[in-house]
Amino acid sequence: MGILDEVVIYTDGACKGNPGPGGWGVYLRSGAHEKELWGGERETTNNRMELIAVIEALKALKRPCRVRLYLDSEYVRKGITEWIRGWKAKGWKTASRQPVKNVDLWQALDGLVHGGVHQIEWHWVKGHAGDPGNERADALANRGVPD
C-alpha cells in the first residue's frame, strides 16, 4: 500500500434536551481541502449524535487514510478504543450484564474502525474551550438540530 492521505477530522454532537432534538457535525481537513457535514434527528440523545458524527465522518472518506480524529466525547473515544472488546466478548452486554446502549451505532462504528482500511488516531479535546476545529464541529452540530 502506498502513502496514505492524511486527514484531520473534528466531530461533535449536540442535543436540545436529552432526549430531544439533536444534531451532529463534522469538519474534515486534508491539505488545502475542507469539508463540512451535518445532520440531525427530532428525538435523540447527545451520545447518539456524538456516535453518528464519527460514523458519518469515516463514511465520507473515499480512500484509505491516516486519520487524526478529534472529539470531545470520552464516551465515544473510550467506547471504541477500550470498552468495545469487552462488550463484543460478552455478546454486546456491559460489565453489569446490561445491553449496551446504542448497540446499532457501536456495531456500525466497529465495522468502520476495526474492519476498515483507515489508520485512526483518537484524540480527546475539551469541548467549548476554544479549540478552533472543535468549535467549528460544534457549530455544525447545532446547525443540524431540527427546528
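Our structure is the block above this text.
This one's a predicted model, so the numbers in the text were calculated from it and none came from an experiment. (Residues numbered from 1 in each chain as written. Predicted model: local features only at pLDDT ≥ 70, side-chain atom pairs only at ≥ 80, totals over all residues. Heavy atoms only, no water.)

Caption draft 1: Looking closely at the overall build of the protein. The secondary structure content of the protein amounts to 4 helices and 5 strands. Ordering the α and β elements of the protein from the N terminus gives β-β-β-α-β-α-α-β-α. C-alpha atoms of the protein, sized along the principal axes, occupy 45 × 45 × 25 Å. Here the protein holds 147 residues, and the buried ones make up 46% of them. Residue pairs at least 24 apart in sequence account for 66% of intrachain contacts in the protein once pairs closer than 6 positions are excluded. With an accessible surface of roughly 7,800 Å², the protein has 50% of that area assigned to carbon and sulfur atoms. A gap of 5 Å separates the mean positions of the 21 positive and 19 negative side-chain charges of the protein. (Helix = DSSP H or I, 4+ residues; strand = E, 2+ residues; numbered from the N terminus. Buried < 20%, exposed > 50% of the residue type's maximum accessible area, 1.4 Å probe, protein only. Contact = heavy atoms within 4.5 Å. Areas by Shrake-Rupley, 256 points an atom, 1.4 Å probe, with all protein chains shown as cover. Lys, Arg positive; Asp, Glu negative; His and termini not counted. Charge placed at Lys NZ, Arg CZ, Asp CG, Glu CD.)

Caption draft 2: Region of the structure containing helix H4 (residues 132–144). Between its terminal C-alpha atoms H4 stretches 19 Å, which fits the 18 Å expected from 13 residues at 1.5 Å a residue. Turning to H4, its buried residues number three or more, namely Gly 133, Asn 134, Ala 137, Asp 138, Leu 140, Ala 141 and Gly 144. Buried residues along H4 cover an arc of 165° about the axis, so they all sit on one side. Each element contacted by the buried residues of H4 is listed here: strand E1 (5–15), strand E2 (20–30) and strand E3 (33–44). N-capping of H4 is provided by Asp 131, with a side-chain oxygen placed 3.0 Å from the backbone N of Gly 133. (Expected span 1.5 Å × (residues − 1). Arc of directions from axis to C-beta. Polar contact = N/O pair within 3.5 Å; in protein donor to acceptor, adjacent residues only side chain to side chain.)

Caption draft 3: Quick peek at the packing of aromatic side chains. The tally for this structure, following the rule as stated, stands at 5 aromatic pairs. Plain terms: the ring middles of Tyr 10 and Tyr 27 are 6.4 Å apart, the flat faces sit at 25° to each other, and that makes the pair stacked. Of this pair, Tyr 10 sits in strand E1 while Tyr 27 sits in strand E2, and the two are 17 residues apart along the sequence. The exposure class of Tyr 10 is buried, given its relative accessible area of 9%. Ring centres of Trp 83 and Trp 87 lie 6.0 Å apart, and the angle between their planes is 55°; this geometry places the pair in the tilted category. Of this pair, Trp 83 and Trp 87 both sit in helix H2 (residues 74–89), separated by 4 residues, roughly a single helical turn. Classification of Trp 87 as buried rests on a relative accessible area of 10%. By the ring-pair criterion, three or more aromatic residues cluster together here, those being Tyr 75, Trp 83, Trp 87 and Trp 106. Lying across the ring of Trp 38, Arg 143 places its NZ or CZ 4.3 Å from the centre. (Phe/Tyr/Trp six-rings, centres within 6.5 Å; stacked < 30°, edge-to-face > 60°. Lys NZ or Arg CZ within 6 Å of the ring centre and 35° of its normal.)

Caption draft 4: Local environment of the sheet that holds E2. Ordered in space as E3-E2-E1-E4-E5, the 5 strands form an open sheet in which the pairing is mixed. Both outer strands of the open sheet, E3 and strand E5 (119–124), are each paired with one neighbouring strand and no more. Strand-to-strand twist in this sheet, taken as the mean axis angle between neighbours without regard to direction, amounts to 20°. Both E1 and E2 contribute to a ladder of 8 bridges, which runs antiparallel. Along E2, the bridge assignment pairs Thr 11 with Val 26. Against the sheet, helix H1 (residues 46–59) makes contact with E1, E2, E3, strand E4 (65–71) and E5, and its axis sits at roughly 160° relative to E1, the strand it touches most. (Pairing = 2+ DSSP bridges. Axes fitted to C-alpha atoms, helices over the stretch in contact; angles between N-to-C directions.)

Caption draft 5: Seen up close, the environment of Glu 74. Along the polypeptide, Glu 74 turns up in helix H2. Residue classification places Glu 74 among the partly exposed residues on the basis of a relative accessible area of 29%. Residues Glu 74 and Asn 142, spaced 68 residues apart in sequence, show a C-alpha to C-alpha distance of 19 Å. In this structure, Glu 74 is in contact with Gly 79, Trp 83 and Trp 124, ignoring residues within four places of it in sequence. Within the local environment of Glu 74, its side chain forms a polar contact with the side chain of Arg 77, the two groups lying 2.7 Å apart.

Function cannot be read off these values alone, since they describe shape.
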